[in-house]
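# Survey of secondary and tertiary structure
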Amino acid sequence: MKKNGSIDMGSVRARFRAVRDGLNTAFREREDAIECILLAALAQSHALLVGPPGTAKSALFFGFLASFPDARKFQTLVTKFGTEDEYFGPVKLSALKNDLWERNLDGRLAAVECAFLDEVFKGSDSVLNAFLSAMNERLYKGQPIPLRLLVGASNELPEEEILAAIYDRFLLRDVVEYVQANATWMQLVAAPPEYKPAAQIALAEWDAACKDVQRLELPQRAVEELLRLRTALKADGLVLSDRRWIALTRVLKAAAWLDDAPAVELDHLSVLKYGLWNKPEDRARVIAVLQTVDRSVVAQAIDIVDEALRGYANRPTEPAAYQSALPQLADKVTEAGKRVQDILKNGVSRRAHARIQPKLDELKKAHDALTADLSKRYALP
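Residues numbered from 1 in each chain as written. Predicted model: local features only at pLDDT ≥ 70, side-chain atom pairs only at ≥ 80, totals over all residues. Heavy atoms only, no water.

Labelled according to an unreviewed UniProt entry, the chain appears under the name AAA domain-containing protein, originating from Polyangium spumosum.

## A closer look at the pairing of strand β4 (residues 73-77)
Residues Phe74 and Thr76 point to one face of β4 and are all buried, whereas Lys73, Gln75 and Leu77, pointing to the other face, are not buried. The pairing of β4 with strand β5 (residues 114-118) spans five bridges and is parallel. Looking at the pairing, Thr76 lines up with Leu117 of β5. (Buried < 20%, exposed > 50% of the residue type's maximum accessible area, 1.4 Å probe, protein only. Helix = DSSP H or I, 4+ residues; strand = E, 2+ residues; numbered from the N terminus. Pairing = 2+ DSSP bridges.)

## A few points about the packing of aromatic side chains
Applying the stated criterion to the full structure yields twelve aromatic pairs. Ring plane angle 35° and centroid distance 5.4 Å describe the contact between Phe61 and Phe116, whose orientation is recorded as tilted. Of this pair, Phe61 sits in helix α3 (residues 57-65) while Phe116 sits in strand β5, and the two are 55 residues apart along the sequence. Members of the aromatic cluster, joined through ring pairs, are Phe16, Phe64, Phe68, Trp206 and Trp257. When the ring centre of Trp277 is taken as reference, the NZ or CZ atom of Arg283 above it lies at 5.8 Å. (Phe/Tyr/Trp six-rings, centres within 6.5 Å; stacked < 30°, edge-to-face > 60°. Lys NZ or Arg CZ within 6 Å of the ring centre and 35° of its normal.)

## As for the UniProt feature "domain: ATPase RavA-like AAA lid" (unreviewed entry) in the chain
Here the UniProt-annotated "domain: ATPase RavA-like AAA lid" (unreviewed entry) positions come out as residues 225-287. With 52% helix and 0% strand, the stretch residues 225-287 has end C-alpha atoms that lie 15 Å from each other. (UniProt positions renumbered as here; feature names shortened; annotations may be inferred.)

## Observations regarding the domain arrangement of the chain
Its domain assignment divides the chain into domain 1 (9-205), domain 2 (216-292) and domain 3 (295-378). A C-alpha centroid distance of 23 Å is found between domain 1 and domain 2. On the domain 2 side, the residues contacting the 25 residues of domain 1 number 21 residues. With both sides pooled, the region where domain 1 packs onto domain 2 buries about 2,100 Å², and carbon together with sulfur makes up 57% of that total. The largest contributions to the domain 1 side of the interface with domain 2 come from Arg13, Leu171 and Arg173, which together make up 29% of the buried area. One can count five salt bridges joining domain 1 with domain 2. Salt-bridge contacts for Arg283 lead to Asp174; the nearest nitrogen and oxygen are separated by 4.0 Å. Taken together, domain 1 and domain 2 are joined by 15 residue pairs in polar contact (both at pLDDT 80 or more). Every element with two or more residues in the side of domain 1 that touches domain 2 is listed here: α1 (9-26), α2 (31-42), α7 (164-169) and β9 (172-175). Here the residues of the side of domain 1 that touches domain 2 sort into 14 nonpolar, two polar and nine charged. (Domains from an automatic or database assignment. Contact = heavy atoms within 4.5 Å. Buried area = accessible area lost by both parts, 1.4 Å probe. Salt bridge = Lys/Arg side-chain N within 4 Å of Asp/Glu carboxyl O. Polar contact = N/O pair within 3.5 Å; in protein donor to acceptor, adjacent residues only side chain to side chain. Nonpolar A, V, L, I, M, F, W, Y, C, P; charged D, E, K, R; others polar.)

Structure (structure tokens):
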């Protein structure tokens, strides 16, 4: 198994996946927000969660960080009246006596690995400028700080031009809404989530994972597809900086690393939905453009399954006609399953397989129903 020094990277990767899966199980309808945080952590970037109060934004952050026991954390609510003392520590009186200006950074933003800033855009200009340096250069007053991951939360997106810079520093963004599905909401009310860390990851292992991520290749085919997406988005009025595009390649590598892929695949481009929009109303346009990516194996497999499922959904409702069409319907569904399995034999990424699996589950239900009806039809009296 591949190792980085004395660190078993296969084990680290498996534990990052376990953290993701554990959070997804505990926090329903929060898959995108969880992926945002996870990819930001591996791509050495930051994530922004936008949504109303009570949507588990801070709970997701602390749930994720529960798997990093030696990572120091800082959480605070940003206000327009807040000063640097609150976020970066008070000035040391003992140093002032010696004509030195120093802050006691312990437990504040400049002395921790992970931070959560609620209502992050509410700060004063001087505070926001300090945040910028901490997020981008990992510096405070010109000195290096240990910050690995900053997750920001906000009930609304900034409209003032002065906030554009800090908003841009959040490479990955997600809009978190209240639970939508009735069944999920009932489960949430009956048994509120109690998350227990699914794995433990040391800071040294996290750092090694980030370095391992950047060793992955970005093939020419992926670069060409990125250019096509850039052109399509530009034609639709969505223009992003070169800096953002370059930074997003780290996210693509993080997605590939989680899949244990040797290089970025076209399927991994779907995670760009977290980084290509500025306004929530642009998200649908971004996703529409991303759906034009040649998903090859995924698209082919889903088309095969959808065709078979359409045939099953449109089966005759009249009993005699249904019985007559039953053998042919069963053959079509069985053949579709075989064709998809043949495609999967050539190997696909975990992300591609995860996208195909729900369709295969639907196909299996249809196959089981048709098989049961065939058994009844040919049952001996």
